[in-house]
Amino acid sequence: MRLTTLALILIVMALAAFFLGRRRAIAIGGPPGAARKLHSLPKYHGYYASLWCVLPGLVVLLAWAALSDTLITSRVIDSLPEALRNQPEAQLSLTLNDIRNLAAGQMVDESRRAEFEVAAGLYTELRAASRRILSGLIIAVSFLGFAVAWGRLKPQFRARNHVELAIKVALIAASMVAILTTLGILLSVTFEAIRFFRQVPFADFLFGLNWSPQTAIRADQVGSSGAFGAVPLFAGTLLISGIALFVAVPIGLMIAIYLSEYAKPAVRRVVKPILEVLAGIPTVVYGYFAALTVAPVIRQVGASLGLDVASESALGAGLVMGVMIIPFVSSLSDDVINAVPRAMREGSYGLGATKSETIKRVILPAALPGIVGGVLLAASRAIGETMIVVMAAGLSANLTANPLESVTTVTVQIVTLLVGDQEFDSPKTLAAFALGLVLFVVTLILNIIALQVVRRYREQYD
Amino acid sequence: MLLMDREKGFAAMREPADGREPVAATPVSPMVIADAAETDRIAADTVGDVTAKDAVICVRGGNVHYGETHALRDINLDVGRNEVIALIGPSGCGKSTFIRCLNRMNDTIESAKVTGDFRLDGQDIYARDTDVVMLRARVGMVFQKPNPFPKSIYENVAYGPRIHGLASNRAELDDIVYGSLERAGLVDEVKDRLDEPGTGLSGGQQQRLCIARTIAVNPEVILMDEPCSALDPIATARIEDLIDELSQKYAIAIVTHSMQQAARVSNRTAYFHLGRLVEVGPTDKIFTNPSHKLTEDYVTGRFG
Amino acid sequence: MAAPLTPAETRRRVDASLRRRYRTERLFRLYGLISVLLGVGFLVILFTTIIGNGYGAFRQSFVRLEIQFDPAVIDPDGTRTPDVLASADYSQLIKSSLRQLFPAAEDRASRRELNALVSSGGAYLLQKMVLADPGLLGQSRDLWLPADDEVDLFVKGSVPTGAAGSEQERLSAQQIGWISQLKAAGRLELRFNTTFFTAGDSREPELAGIWGATKGSFLMMLVTLFLAFPLGVAAAIYLEEFAPRSWLVDVIEVNINNLAAVPSIVFGLLGLAVFINFFGLPRSAPLVGGLVLTLMTLPVVIIASRAAIKSVPPSVREAALGVGASKMQMVFHHVLPLALPGMLTGAIIGMARALGESAPLLMIGMVAFIVEVPSGAMSPATALPVQIYLWADSPERAFVERTSAAIMVLLAFLLVMNAAAVWLRNRFEQRW
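Residues numbered from 1 in each chain as written. Chains lettered and ligands numbered in written order. Predicted model: local features only at pLDDT ≥ 70, side-chain atom pairs only at ≥ 80, totals over all residues. Heavy atoms only, no water.

Enquirer: Looking at this structure, how should I read the overall build of chain B?
Expert: The helix and strand tally for chain B stands at twelve helices and ten strands. Looking at chain B as a whole, 57% of its 304 residues qualify as buried. Sequence separation of at least 24 residues holds for 70% of the intrachain contacts in chain B that already meet a minimum separation of 6. Carbon together with sulfur atoms contributes 51% to the accessible area of chain B, which is approximately 12,000 Å² in total. (Helix = DSSP H or I, 4+ residues; strand = E, 2+ residues; numbered from the N terminus. Buried < 20%, exposed > 50% of the residue type's maximum accessible area, 1.4 Å probe, protein only. Contact = heavy atoms within 4.5 Å. Areas by Shrake-Rupley, 256 points an atom, 1.4 Å probe, with all protein chains shown as cover.)

Enquirer: Would you take a moment to explain the interface of chain B and chain A for this structure?
Expert: For an interface, size is often stated in terms of accessible area lost upon the parts coming together. In this assembly, 26 residues from chain B lie in contact with 19 residues from chain A. Ranking the residues of chain B by area buried against chain A places Pro150, Tyr159 and Ile163 of chain B at the top, with a combined share of 27%. One can count one salt bridge joining chain B with chain A. Taken together, the connections running from chain B to chain A amount to five residue pairs in polar contact (both at pLDDT 80 or more). At the level of elements, α4 (132–138), β6 (139–142), α5 (153–164) and α8 (203–215) of chain B are the ones that each hand at least two residues to the side of chain B that touches chain A. Sorting elements by how many residues they give to the side of chain B that touches chain A places α5 of chain B first, with four residues. Residue composition of the side of chain B that touches chain A, by class: 13 nonpolar, six polar and seven charged. (Buried area = accessible area lost by both parts, 1.4 Å probe. Salt bridge = Lys/Arg side-chain N within 4 Å of Asp/Glu carboxyl O. Polar contact = N/O pair within 3.5 Å; in protein donor to acceptor, adjacent residues only side chain to side chain. Nonpolar A, V, L, I, M, F, W, Y, C, P; charged D, E, K, R; others polar.)

Enquirer: Would you take a moment to explain the nonpolar core for this structure?
Expert: Nonpolar side chains in soluble globular proteins tend to end up buried together. Ile414 of chain A together with Leu181 of chain B are the most contacted members of the largest nonpolar core, which totals 244 residues. Considering each element in turn, this core owes the most residues, 18 residues, to helix α8 (residues 231–262) of chain A. Not counting chain neighbours up to four residues away, the residues in contact with Leu181 of chain B comprise Val157, Leu186, Val187, Val190, Leu194, Leu209 and Ala212 of chain B. Counting 38 residues, the second-largest nonpolar core is a separate cluster that includes Leu77, Val79, Leu120 and Ala253 of chain B. (Core = buried A, V, L, I, M, F, W, Y, C linked by side-chain atoms within 4.5 Å.)

Enquirer: Any chance you could explain the domain arrangement of chain A here in plain terms?
Expert: For chain A, the assigned domains are domain 1 (3–157) and domain 2 (227–460). Taking only C-alpha atoms into account, the centre of domain 1 of chain A sits 49 Å from that of domain 2 of chain A. (Domains from an automatic or database assignment.)

Enquirer: Explain the sheet that holds strand β3 (residues 188–192) of chain C here, please?
Expert: Remark on secondary structure: sheet strands pair via backbone hydrogen bonds, oriented parallel or antiparallel. All names here are of chain C. Spatially, three strands are ordered β2-β1-β3 in an open sheet, and the strand pairing comes out antiparallel. Two strands close off the open sheet at either side, each with one partner strand: β2 (140–146) and β3. Within this sheet the neighbouring strands show an average axis-to-axis angle of 40 degrees, counted without direction. Note: strand β1 (residues 59–68) against β2, seven bridges, orientation antiparallel. Bridging from a neighbouring strand, Arg64 pairs with Trp144 of β2. Against the sheet, helix α7 (residues 149–156) makes contact with β1 and β3, and its axis sits at roughly 125 degrees relative to β1, the strand it touches most. (Pairing = 2+ DSSP bridges. Axes fitted to C-alpha atoms, helices over the stretch in contact; angles between N-to-C directions.)

Enquirer: Looking at this model, I keep getting lost on unusual backbone geometry. Mind explaining?
Expert: Glycine aside, residues mostly have negative phi, and peptide bonds are mostly found in the trans state. All names here are of chain B. Here the phi dihedral of Asp54 falls at roughly 50 degrees; this positive angle occurs in a residue that is not glycine. The residue Asp54 is located in the loop between α2 (36–43) and β1 (55–66) in this model. Positive phi outside glycine occurs at Leu274, with the angle close to 45 degrees. Here Leu274 is to be found in the loop between β9 (268–273) and β10 (276–282).

Enquirer: What am I meant to see in the interface of chain C and chain A here?
Expert: Of the residues lining the interface, 73 residues belong to chain C; the matching set on chain A comes to 73 residues. When the two sides are added together, the surface that chain C and chain A hide from each other amounts to roughly 6,400 Å², 78% of it contributed by carbon and sulfur. Counting across the chain C and chain A interface gives one salt bridge. Residues Glu357 of chain A and Arg21 of chain C are paired through a salt bridge, measuring 2.7 Å at the closest nitrogen-oxygen approach. Among the residues forming the side of chain C that touches chain A, the class breakdown is 53 nonpolar, 16 polar and four charged.

Enquirer: Honestly, the packing of aromatic side chains in this entry has me stumped. Any pointers?
Expert: The geometry of two aromatic rings is summed up by the distance between their centres and the angle between their planes. Applying the stated criterion across every chain, the model contains 27 aromatic pairs over all chains. Pairing Phe197 of chain A with Phe205 of chain A gives two aromatic rings, centres 5.4 Å apart and planes at 70 degrees, and the pair type is edge-to-face. A ring pair is formed by Phe192 of chain C and Phe197 of chain C, whose centres lie 5.8 Å apart and whose planes are at 10 degrees; its orientation type is stacked. On the accessibility criterion, Phe197 of chain C (31% relative accessible area) is partly exposed. In textbook terms, an aromatic cluster arises when at least three aromatic residues are bridged by ring pairs, as seen for Phe196, Phe197, Phe202, Phe205, Trp211, Phe228 and Phe234 of chain A. Sitting above the plane of the Phe328 of chain A ring, Arg381 of chain A keeps its charged end 4.4 Å from the centroid. (Phe/Tyr/Trp six-rings, centres within 6.5 Å; stacked < 30°, edge-to-face > 60°. Lys NZ or Arg CZ within 6 Å of the ring centre and 35° of its normal.)

Enquirer: Mind showing me how you'd approach the pattern of salt bridges here?
Expert: Any two side chains of opposite charge can pair, so long as their charged atoms come close to each other. Taken as a whole and judged by the stated rule, the model has 41 salt bridges over all chains. Among the ionic pairs, Glu189 of chain B bridges to Arg208 of chain B, the shortest N-O distance being 2.8 Å. A residue pair is termed long-range when its members are at least 10 positions apart, and Glu189 of chain B in helix α7 (residues 187–190) and Arg208 of chain B in helix α8 qualify at 19 residues. In this structure Arg208 of chain B comes out as buried when scored by relative accessible area, which is 6%. Connected through salt bridges with shared partners, the residues Asp54, Arg81, Asp121, Arg138 and Glu220 of chain B together with Arg11 of chain C form a single ionic network.

Enquirer: Is there a simple way to think about the side chain of Glu150 of chain C in this case?
Expert: Residue and element names in this part refer to chain C. Positionally, Glu150 belongs in helix α7. Residue classification places Glu150 among the buried positions, given a relative accessible area of 13%. For Glu150, the side chain forms a polar contact with the side chain of Arg397, separated by 2.8 Å. Not counting the four nearest positions on each side in its chain, Glu150 is found in contact with Arg170, Leu171 and Arg397.

Enquirer: Can you walk me through the pairing of strand β4 (residues 112–120) of chain B in this structure?
Expert: Side-chain direction in a regular strand flips from residue to residue, so the side chains alternate between the two faces of the sheet. Residue and element names in this part refer to chain B. With eight bridges connecting them, β1 and β4 associate as antiparallel partners. Each residue of the ladder has a partner; that of Val64, found in β4, is Val114. Following β4, the chain reverses through two residues before pairing antiparallel with strand β5 (residues 123–124); Asp121 in that reversal takes a positive phi of roughly 55 degrees.

Enquirer: What exactly am I supposed to notice about the environment of Arg268 of chain A here?
Expert: Residue and element names in this part refer to chain A. Residue placement: Arg268 occurs in helix α9 (residues 265–280). Judged by relative accessible area, which is 24%, Arg268 ranks as partly exposed. Put simply, Arg268 and Tyr258 are ten residues apart on the chain and 9.2 Å apart in space, counted from C-alpha to C-alpha. Those residues in contact with Arg268 that lie beyond four places of it in its chain are Leu259, Ser260, Ala263 and Pro273.

Enquirer: Whenever I open this one, a positive patch on the surface confuses me. Can you help?
Expert: A cluster of basic residues, Lys360 and Arg361 of chain A together with Arg19, Arg20, Arg23 and Arg26 of chain C, forms a positive patch on the protein surface. Those elements that provide at least two residues to the positive patch are α13 (355–384) of chain A together with α1 (7–54) of chain C. The leading source of residues in the positive patch is α1 of chain C, at four residues. Topologically, Arg361 of chain A is positioned in helix α13. Given the relative accessible area of 33%, Arg361 of chain A is considered partly exposed. (Patch = residues over 30% accessible without salt bridge, like charges linked within 9 Å, V, L, I, M, F, W, Y side chains within 5 Å. Lys, Arg positive; Asp, Glu negative; His and termini not counted. Charge placed at Lys NZ, Arg CZ, Asp CG, Glu CD.)

Enquirer: Sorry, what's going on with the environment of Met224 of chain B here?
Expert: Residues and elements named next belong to chain B. The residue Met224 is located in strand β7 (residues 221–225) in this model. When the C-alpha atoms of Met224 and Pro282 are compared, they prove to be 19 Å apart, with 58 residues separating the residues in sequence. Apart from residues lying up to four places away in sequence, Met224 is in contact with Ile99, Val142, Ile211, Ile243, Leu246, Ile252, Ala253, Ile254 and Val255.

Enquirer: How should the packing of helix α4 (residues 91–101) of chain C against helix α6 (residues 121–132) of chain C be read in this particular structure?
Expert: When two helices pack together, their arrangement is given by the angle between the helix axes and by the axis-to-axis distance. Residue and element names in this part refer to chain C. Taken N-terminus to C-terminus, the directions of α4 and α6 make an angle of 115 degrees; their axes are 8 Å apart at the nearest point. What the angle tells us is that α4 and α6 run roughly perpendicular. Here α4 runs over α6; the crossing is right-handed. Touching Ser91, Leu93 and Ile94 of α4 are Gly122, Ala123 and Leu126, all from α6. Residue classes in the contact of α4 with α6 are distributed as four nonpolar, two polar and no charged. (Parallel < 35°, antiparallel > 145°, perpendicular 65-115°, else oblique. Left-handed = near helix turned anticlockwise from the far one by under 90°.)

As structure tokens, then:
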């Protein structure tokens, strides 16, 4: 039975359980309008029956989904001829893949077809059997669940409380997804990173000055160990992010100041949404723009000044990234500037200060913690930004502070290492996860500090 | 004891402390003639002498609109040199609006429109060539809630002299800061911690710091917008003493909700009602023998 | 201590400082204005570049050819079986038609140049026509076939012929001559480029379209919407209405705020490690893309939903509880309907962000070159922003205008979504 059919059957059963449960509640509770004998409304009895019908089935389905594949695979492996069964693990999993592909009717290496045909047949058969058992089991469990619920429906039964408890558990589960996501990121990235550090020493990675993972494609190749010194990547990331912040912070801050302190309301109403459009543009568009428009312009300007500019210079990527962050900085600054109490401004104006004096000497110092928090958030954005640098920054890991040269960043390397054909156990692939771990930890620290600073700042003026 | 109770009673009726009182005129209690037209009829002309000997500020036909709201109607009033004038009246009567006109603080409110003749030493405050910076240096202001800058005590007082270039060197600046703190009666309390933030002081000290900050610019007139409304009675008493001392040197216009305070610190009192200046006169006359019915109702506590 | 300044001296000193101070003031204001102009100016440049580059892609050069569906070429044995029909050499038909038009091209070199005028995809179109209707054999049709991308660029005038920098002439003088002859004969014109909106990806610019990528994006958005919205709303309800003050709730809150700021590529790593390597879901599948984007969008939806719930005044809650509703009933009957517009606004904004996201999709294999339009959430697909990335990397110059055009389409989608969010907010926003 197909999964969709099974789902359909379950839905029908759930609906039936709801109506039956409700009818029974009405039957035992007496006609509506009569003295209230029921604790809960009939529909809650219906929901209750329905939940008992569906939830056990779902549990069975999930358990089966988690377990069945392992069971089937082990049975298939057992059935394999001796020579195949005793292969090393990596090869065994390749063989299994071939068997699965063959069972799915896809092309396999013809020369080995005969070898796998039996196993593939067994695999298909077991899967079909598993499906049948699962379908039967789920339907049976659902009936059983419904029967249990049916037995409990009595006038005094607190159906609503039970249903609400179930809903509450679902709500809690939903809010756990956020934690699970963080855990998932942390575990998956750390797990792979540890595997990487077993092959490449941690210190070599963190302090090494030479990055050339491309040499490590095949195990028998000369110089197969590759070089995984990530310092050039960190330096490149810092260089490009630094350029971006250098562009975004003053401009974003001045925009926020101008719009909140100088501009007429009409101007503000028009300009603010226009600038917010900048924030809504996908990064891939910025990347395209950086690579196709900004980089050539920088090159030409550089050439006319007699400078040698790389076609994928850090400057181009950094400038465009800066523009991307401008609305981010300006809206955060706008928030903190507006949080400075009006009384502070009036105090300054009352002494005869001009607007710019008030802004520079009173508002900005007062808003400084909030602005710093905003800049930290912007920095974390810049460090984690991917598409702009993938499209407009280079691949060569130069250790340089010259913005006219080409540098590479952590995110660029993650993408290059993981896009395309990959061998899962090679240090080259695992290095991407080690870089991901660094990226996650650094941005996490920046975010936590920034959010804390901003929150403390807000509380100060609440 | 009686005084304390009155204080509390008034505290309950004070305008919201967010300093935005002038923007939205709140209606007064129903006992009062709450109708603007009615006020126009019975208080169209101010009772008492609006002029002052040796006037430093002179207002004739002053009107203020906040958008649709007519917040001040045809005000005529002088402020004399070395006098303390108290402006009293129920919430939303326009007294704060009035003093904010005198150093053009209303400029910062977008919807405010001021018309009429406002003069400082004969010079039109709202003339095109009048410089706001200079005007505010000459007419200082102390606000309802103490609002020290988030800087050190020293920097708070030095702020005005610094931006206006009043001191040519550090020693002169030190002199100004110490002198101002001294005249504000704060120097003994803070002289050992001038580097600490001004926001760390108590409410009363903060307000005296704000006064020190204002007199550091050496103004000719000081406007005070309910300077004690956020303070306890003891801190209030100290500020009142201070006002008394300052009146030797400066002209002071003080908005207050406390009639006791008005009686204690001022020479003259002006009673405002729904945007009209109802009555002006020597303070003791206003409180003992008011001429206008509205003033009498207010000072006898029939409404507020 | 020195005597305080006299009023006159104070006035003199203030006066002396005024000129300098007003100059600083004007300068500062000017910096602000320049910053605003820079921001707006950049936006204008970005849009003009993209629209200037991209609007051309909505039209495409077609050549009208008299195609003779010659059975001798397609099916010499007369079997008429689909296999034979499918494997026939249809380009032969185009070549002979071209030869008829320009009989002067006799040597091999000029024939090759002549044949290069029409897209190699033309043969594919003819094959499709014949397969759909084998009755065409033996007949002749007047057909508009897509021109080659170089011809297309030449016709649109976006190629500076023989300009410095182009390493070789893309079109020979002879070809240019033919093009003007075709134009004069009304056999070459720019027509609306339907291919761009209906086809999947292709190596040939003139055959490449965004439909495959758009459908991939649509399937992902569907997955994201159906997961992120209910999960986000449920989490927000729990955190705002039910959660007791405890360390666990604090952890969840800090978590959500941080997740909103985690770089998107890290979500891609998560998707690769968990969904693909651990759960064994297929690479390049919209389902996986949707799951990754769900996790990315979830914090945005939760934060917006919490704000929406918070804005429902407590009086509504008290009124509901006061008439004897249970807490759950209060939430679902009263708070939720009032907060729903705000939640939807947040969800749409989150979805718009997800729609433009490409970095995590690179991680889970959605960058593969996929010609087929995806048929479901498990079939290999790419997404609109990733398609843009792929085309931006393509060497063919004709992809430049298609990239820009794809960006225009993507921006149009985003514009519609954001406009919907704004409309929703204005329409249903209640001020309490």
